[in-house]
Amino acid sequence: MLAHIKKISVLIFILCFNRVFSQEIQGIIKVDAELIQTQDKSFFRDMESNITQFVNQRRWTSDKFGPTEKIKATFNIKLEKADVSTGRYEGSCLVQFSRPVYNSSYETMTLSFFDKDFDFDYTIGQTLDYNDNAFITNISSMIAFYIYIGLGQDYDSFSKLGGNTYFEKANLVVTNAQNAPNNGWRQIGNNPNSRYWLIENFMSPTFKQFREATYTYYRQGMDSFVEKPEEARGKILEALASIKDVHDAKPNATLIRTYFNSKDGELIKIFSDATPMEKTRAIELLKAMDPTNTDNYEKIMK
């Protein structure tokens, strides 16, 4: 009898373990409500907890992810206006995704996007419902959109154009939100860094070369860096040259600007130990594509 109970306990543990680690995203959600004039901050902790559960407990793909394979995501939500009585909130959100680099403890960022139109309605204890085929609430649609963008980038980094399924899902989120009153979903407006333009770039044939360069940069470059740093730098330079071609065709594209939001520090470290010729070439490419960080890229030569 005791042995039978032990077997059942082990089975329950295994089932729970598999369920816990079946989700793909390891998300951290932070809600900054410092600008909101209220004594009771428990409401915002509830919001933070609810969004965290939505991100981490929902299945976003049909693939299985082990504990070390989870995609890390952070949503830093900064609330600037709030009406708790009506449940209306306005603010911004910095969305970041990263993945581990093979054979190392280093994590490389795959996306860093600042959304300045992060407005939504929310009531305490609200269940965040989401359906791929319909717009339900703005908060769930925005979170789902970025989850799919992050998954698309991650899958692209492991196989050429491997993220197609998830970019298509992100595009469907935008399509479903076209009649929503919230900002960021439509082509019109004064924000070139909107959700609309981000997915438009990912879906456009013009940016196919950029997406292929993602695979070269991460899988052939970063994942090989520990064992073959010289070859890895060569692949990373190859990726940058491909991105430069896209930049020349679309110099002010949202996707190009977004890419360098997460890469300047990493690239400086990568090329600091490169050959003089590689350093010169890297600086030339980086200055052309990301001129606002010119002074930082000069550090490569030091």
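This text goes with the structure placed above it.
Residues numbered from 1 in each chain as written. Predicted model: local features only at pLDDT ≥ 70, side-chain atom pairs only at ≥ 80, totals over all residues. Heavy atoms only, no water.

A. Broad picture of the overall build of the protein. Within the protein one finds 11 helices and five strands. Scaling as 2.2 N^0.38, a compact globule of 302 residues should have a C-alpha radius of gyration of about 19 Å, and the protein matches this with 21 Å. Dimensions of the protein, computed from C-alpha atoms along their principal axes, come out at roughly 65 × 60 × 40 Å. Counting every position in the protein, which comprises 302 residues, the buried fraction comes to 47%. Sequence-distant contacts, at least 24 apart, represent 66% of the contacts inside the protein between residues at least 6 apart. (Helix = DSSP H or I, 4+ residues; strand = E, 2+ residues; numbered from the N terminus. Rg over C-alpha atoms; globule rule 2.2 N^0.38 Å. Buried < 20%, exposed > 50% of the residue type's maximum accessible area, 1.4 Å probe, protein only. Contact = heavy atoms within 4.5 Å.)

B. Structural context of helix H3 (residues 138-158). With 21 residues, H3 should reach 30 Å at 1.5 Å per residue; the first-to-last C-alpha distance of 31 Å fits that figure. Counting buried positions along H3 gives 20 out of 21 residues, so the element sits mostly inside the fold. (Expected span 1.5 Å × (residues − 1).)

C. Representation of the pairing of strand S2 (residues 71-83) within the structure. Of the strand pairs in this sheet, strand S1 (residues 25-32) and S2 are connected by eight bridges, and their pairing is parallel. Pairing of Ile29 across the sheet is with Phe75, part of S2. At this point the chain moves from S1, through helix H2 (residues 42-57), to the parallel S2, and the crossover so formed is left-handed. Where S2 and strand S3 (residues 88-100) come together, 11 bridges link them in antiparallel fashion. Considered in S3, the bridge of Ala73 is made with Phe97. Joining the antiparallel neighbours S2 and S3 is a turn of four residues, in which Gly87 adopts a positive phi near 80°. (Pairing = 2+ DSSP bridges. Right-handed = clockwise from strand over helix to strand, strands pointing away.)

D. Molecular detail of the pattern of salt bridges. One pass over the structure, following the stated rule, counts 15 salt bridges. With its nearest N and O atoms 3.5 Å apart, the salt bridge here joins Arg59 to Glu24. Note that Arg59 is positioned in the loop between H2 and S2 and Glu24 in the loop between helix H1 (2-20) and S1, a separation of 35 residues in sequence. Put simply, Lys169 and Asp132 hold a salt bridge, and the shortest N to O gap is 3.2 Å. Linking Lys169 in helix H4 (residues 164-176) with Asp132 in the loop between strand S5 (120-121) and H3, this pair joins segments that are 37 residues apart in sequence. Each of Arg88, Asp119 and Asp121 takes part in one network of salt bridges that share partners. (Salt bridge = Lys/Arg side-chain N within 4 Å of Asp/Glu carboxyl O.)

E. Fine view of H2. Compared with the 22 Å implied by 1.5 Å per residue over 16 residues, the 22 Å span of H2 between its first and last C-alpha is a close match. For H2, the full list of buried residues reads Phe43, Phe44, Met47, Asn50, Ile51, Phe54 and Val55. What you see down the axis of H2 is that its buried residues fit within an arc of 130°, all on one side. Exposed and facing more than 90 degrees away from the buried side of H2 are Arg45 and Gln57. Summarising the contacts, the buried residues of H2 are in contact with S1, S2, S3, S5 and H3. (Arc of directions from axis to C-beta.)

F. Summary view of the nonpolar core. If you look at the biggest cluster of nonpolar residues, it comprises 82 residues, and the most contacted ones within it are Met47, Phe75, Leu79, Phe145 and Phe271. Per element, the largest residue contribution to this core is 11 residues, and it comes from H3. Setting aside residues up to four positions removed in sequence, Met47 forms contacts with Val31, Leu79, Tyr89, Phe120 and Tyr122. (Core = buried A, V, L, I, M, F, W, Y, C linked by side-chain atoms within 4.5 Å.)

G. Local environment of the environment of Leu237. By the element assignment, Leu237 lies in helix H7 (residues 229-249). When neighbours within four sequence positions are excluded, Leu237 is seen to be in contact with Phe271, Glu278, Arg281, Ala282 and Leu285.

H. Looking closely at the packing of H3 against helix H6 (residues 208-221). Between H3 and H6, whose axes approach to 7 Å, the crossing angle comes to 65°. Taken together, the axis directions place H3 and H6 in an arrangement best described as roughly perpendicular. For the pair H3 and H6, the sense of crossing is right-handed. On H6, the residues touching Gln153, Asp156, Ser157 and Phe158 of H3 are Arg211, Thr214, Tyr215, Tyr218 and Arg219. Split by residue class, the contact of H3 with H6 holds three nonpolar, three polar and three charged. (Axes fitted to C-alpha atoms, helices over the stretch in contact; angles between N-to-C directions. Parallel < 35°, antiparallel > 145°, perpendicular 65-115°, else oblique. Left-handed = near helix turned anticlockwise from the far one by under 90°. Nonpolar A, V, L, I, M, F, W, Y, C, P; charged D, E, K, R; others polar.)

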